[in-house]
Amino acid sequence: MKAAGKGAPLRVGIAGLGTVGGGTLRALADNAEAIGLRCGRPVRAVAVSARDRHKERGLDLSACRWHDDPLALAADPEVEVVVELIGGSDGPAKALVEAALEAGKPVVTANKALLAHHGTALARLAEARDAGLYYEAAVAGGIPVIGLLRDGLAGNRVERVAGILNGTCNYILTTMRESGREFADVLAEAQALGYAEADPGFDIDGVDAAHKLAILTALAFGCTLDFEAVRVEGIRQISAVDIAFAEELGLRIKLLGIAARNGGGGGPGGGDGGGEATVSQRVAPVMVPLGSPLAAVEGVFNAVLAEGDFVGKIMAEGAGAGERPTASAVVADLAAIARGDRRAVFGVPAAALRRLAAAPVEDQAGAWYLRLMVIDQPGVIAEVAAALRDEEISVEALLQRGRDPGELVPVVITTHETSEGRMRRAVARIAALEACLEAPRLIRIESE
Ligand code: NDP
Ligand code: HSE
């Protein structure tokens, strides 16, 4: 970064003037004095780019040079820092970030898709060019989880990170529980309220949460980003009956992203024995106990729970999206740059990021909720129990509601801890039973 001189403004170029870009300009203007005092120098937008120069945005752009081509921000000699708020894992966002880093300019981005797919290569480029890459806004919007993991927990070995990483899904699950309505109905409402996109696939199929989890995994464990290794399941299959059964069992359904490191010893950057470490990364609807902190995070809120060997468990909660919370995180990164803070992109030098193998799915242990729709007739439970017994799965509880001979009734079973491989084999056998007329619903139960 070029020296701007003590007290000289940090000159920022912003690409993308939509929800987050507009919010960033407003935050820089509204809180200019406080930001200047905290940074020891003003932080000023001097150039912008978006698709439509003539769009009315309710923003004062009079002090900003306009570029039709966002890449021009990387070449503009007035621009010291480039803020990428266009979005998308490739295309103009990636081209801009690469061009700015190549030019030695620090980059701030909120683009989790870009980082999930290209984060390792971009970190290497940033460090090779001695330009920073900052992305506090990319995970959990306004909650400063990147700083928390990278800086606040720098003295810890982190073994597990779990989070509610998608506000749209959390809103849908919360509303389904509160209203007893079905998924499709509540999704339509979320779209009408502007929480979910018109094409909501990235949110409800878990992809957005998986992008964010891949970033948290790299930070927490000092490993290369491996988005392809994230097992992703969304919330389309969650029904009101499962939500109601969960409550009856003292549990609540949440879409969680969970990353855990198994074995390997040591922390980021190296091991101290204990064999090769593996990492599991999952995004899936799971059941958590009603008393757990994640169960209490409702509506569009996000939360991230991390476990460090010295600090113990800590959780950060707040607004995970939206103009102002996300802009808050973008400006936090700009303030760090203005102050001259410099951190390795993923907490350790990019060259030290280790490639960790994915933990075998078959071996992953957990307790389970299983809901069946079976014909109400003698002997069905015995057949189900035999399938579980043959895989040495221990039943924790069994619930059957109603009496309707010859008709379908729900049967719910919760199990003690078993391997995922055993559970899936038992469920495949149960699904093939003549009396089992709908696909069984299998949901993992987390201990918190
Ligand atoms: P918007 O769709 O609201 O804004 C996108 C902006 O990018 C628009 O101003 C658009 O221009 C501009 N743009 C699109 N294509 C180009 C292009 N080829 N050249 C120049 N400008 C272009 O997106 P958001 O603000 O919601 O999201 C921005 C980023 O922030 C994304 O990566 C997103 O994932 C991330 N994010 C968003 C959050 C949110 O709550 N919205 C929360 C956390 C992260 P124009 O206005 O002229 O059409
Ligand atoms: N679509 C995301 C959510 C917001 O619903 O949480 C942007 O990260």
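All residue numbers refer to position in the chain's written sequence, counted from 1. The naming scheme follows written order: chains are lettered A onward, ligands numbered 1 onward. This being a predicted model, a pLDDT of at least 70 is required before a residue's local features are given, and a value of 80 or more before pairs of side-chain atoms are given or counted; all residues contribute to the totals for chains, interfaces and linings. Calculation of side-chain values draws on the structure's entire complement of heavy atoms; hydrogens and water are dropped beforehand.

## Some details on the packing of aromatic side chains
For any pair of aromatic rings, the description rests on two quantities: the centre-to-centre distance and the angle between the ring planes. Classification of ring pairs uses Phe, Tyr and Trp, with its six-membered ring standing for Trp, and accepts pairs whose centres are within 6.5 Å; under 30 degrees between planes counts as stacked, over 60 as edge-to-face, and the remaining range as tilted. All told, the structure shown has one aromatic pair when counted by the stated rule. With centroids separated by 5.3 Å and ring planes inclined at 40°, the aromatic side chains of Tyr-135 and Phe-346 adopt a geometry described as tilted. You can see Tyr-135 sitting in the loop between strand 6 (133–134) and helix 6 (145–152) and its partner Phe-346 sitting in the loop between helix 12 (323–339) and strand 13 (357–358), a full 211 residues away along the chain. In this pair, the class of Tyr-135 matches that of Phe-346, namely buried. Counting from the N terminus, the helices are the DSSP runs of H or I reaching at least four residues and the strands are the DSSP runs of E reaching at least two. Partly exposed residues are those whose accessible area sits between 20% and 50% of the maximum for their type, while under 20% is buried and over 50% is exposed, using a 1.4 Å probe and protein chains only.

## Some points on the packing of helix 5 (residues 112–128) against helix 10 (residues 207–221)
Two elements in contact, helix 5 and helix 10, have axes whose closest approach is 8 Å; the angle formed by their N-to-C orientations is 55°. Comparing their axes, helix 10 and helix 5 come out oblique. Two packed elements cross with a definite hand, and for helix 5 against helix 10 that hand is left-handed. Note on element contacts: helix 10 touches helix 5 through Asp-208, His-211, Lys-212, Ala-214 and Ile-215, opposite Lys-112, Ala-113, Leu-115, Ala-116 and His-117. Put simply, Ala, Val, Leu, Ile, Met, Phe, Trp, Tyr, Cys and Pro go in the nonpolar bin, Asp, Glu, Lys and Arg in the charged bin, and everything else, Gly too, in the polar bin. Here the residues of the contact of helix 5 with helix 10 are counted per class, giving five nonpolar, two polar and three charged. Only C-alpha atoms enter the line fits that serve as axes; for helices the fit covers just the stretch in contact. Angles between N-to-C directions range over 0 to 180 degrees. The cut-offs work like this: below 35 degrees is roughly parallel, past 145 is roughly antiparallel, 65 to 115 is roughly perpendicular, and the gaps in between are oblique. Crossing handedness is read from the near helix: turned anticlockwise from the far helix by less than a right angle, it gives a left-handed crossing, and turned clockwise, a right-handed one. Throughout, a residue-residue contact means that at least one pair of heavy atoms, one from each residue, lies within 4.5 Å.

## Digging into the site of ligand 1
Surveying the vicinity of ligand 1 reveals 22 residues, the closest of which are Leu-17, Val-20, Asp-52, Arg-57 and Gly-322. Whenever two N or O atoms come within 3.5 Å, that pair is a polar contact, provided that in protein one can donate a hydrogen and the other can accept it, and provided that, for residues adjacent in sequence, both atoms are side-chain atoms. Between Val-20 and ligand 1, the recorded distance is 2.9 Å, taken from a backbone N or O atom to an oxygen atom. Each accessible area is a Shrake-Rupley estimate made with a 1.4 Å probe; only the visible protein chains count as cover when residues are assessed. Protein contact buries 78% of the 900 Å² of open area that ligand 1 shows by itself. Whether a set of points on the 1 Å grid over the protein atoms alone is a cavity depends on a 1.4 Å probe fitting there but being unable to get out, while an open set qualifies as a pocket with protein on both sides within 12 Å along at least five of seven lines; lining residues are those with an atom within 4 Å of a point. Whether a molecule lies in a cavity or pocket depends on its atoms, and more than half of them have to be within 2 Å of the grid points. Judged by the proximity of its atoms to the pocket grid, ligand 1 belongs to the largest pocket. Its residues placed into classes, the shell around ligand 1 shows ten nonpolar, seven polar and five charged. When at least one non-hydrogen atom of a residue lies within 4 Å of a molecule or strand, that residue is treated as near it.

## Some thoughts on the environment of Ala-397
Tracing the chain through its elements places Ala-397 in strand 15 (residues 395–400). We classify Ala-397 as partly exposed; its relative accessible area is 27%. Distance in space between the C-alpha atoms of Ala-397 and Val-412 is 8.0 Å, their sequence separation being 15 residues. Here Ala-397 is in contact with Val-412, Ile-413 and Thr-414, once residues within four sequence places are set aside.

## With respect to the nonpolar core
The set of buried Ala, Val, Leu, Ile, Met, Phe, Trp, Tyr and Cys residues whose side-chain atoms join them within 4.5 Å is what this entry labels a nonpolar core. With 86 residues, the main nonpolar core has Tyr-135, Val-139, Ile-172, Ile-215, Leu-216, Ile-235 and Phe-346 as its most contacted residues. Not counting residues within four places of it along the chain, the set of residues in contact with Ile-235 comprises Cys-169, Ile-172, Leu-173, Phe-183, Ile-204, Leu-255 and Pro-285. Counting residues in hydrophobic clusters, the runner-up holds 32 residues, among them Ile-14, Ala-329, Ala-336 and Ala-338.

## Things to note about the layout of surface pockets
Of the volumes computed, that of the largest pocket is approximately 1,500 Å³. Contributing to the lining of the largest pocket are 48 residues, with Thr-19, Val-20, Ile-86, Lys-112 and Glu-197 lying nearest its centre. Counting residues per element, the ones that place at least two in the lining of the largest pocket are helix 1 (19–30), helix 5, helix 7 (167–179), helix 9 (201–204) and helix 10. Grid points are joined across faces, edges and corners, and a volume is the space filled by probe spheres set on the points. Here the second largest pocket is characterised by a volume of approximately 360 Å³. Around the second largest pocket sit 19 residues that line it, and Arg-282, Gln-364, Ala-365, Gly-366 and Arg-444 are the ones nearest its centre. Put simply, the parts of the chain that give the lining of the second largest pocket at least two residues each are strand 9 (251–262), strand 10 (278–289), strand 14 (365–375) and strand 18 (441–445). When the residues that make up the lining of the second largest pocket are grouped by side-chain class, the tally is seven nonpolar, six polar and six charged. The domain boundaries here were taken from an automatic or database domain assignment. Looking at the lining of the second largest pocket, you find at least three residues from each of domain 2 (145–320 + 351–361) and domain 3 (362–445).

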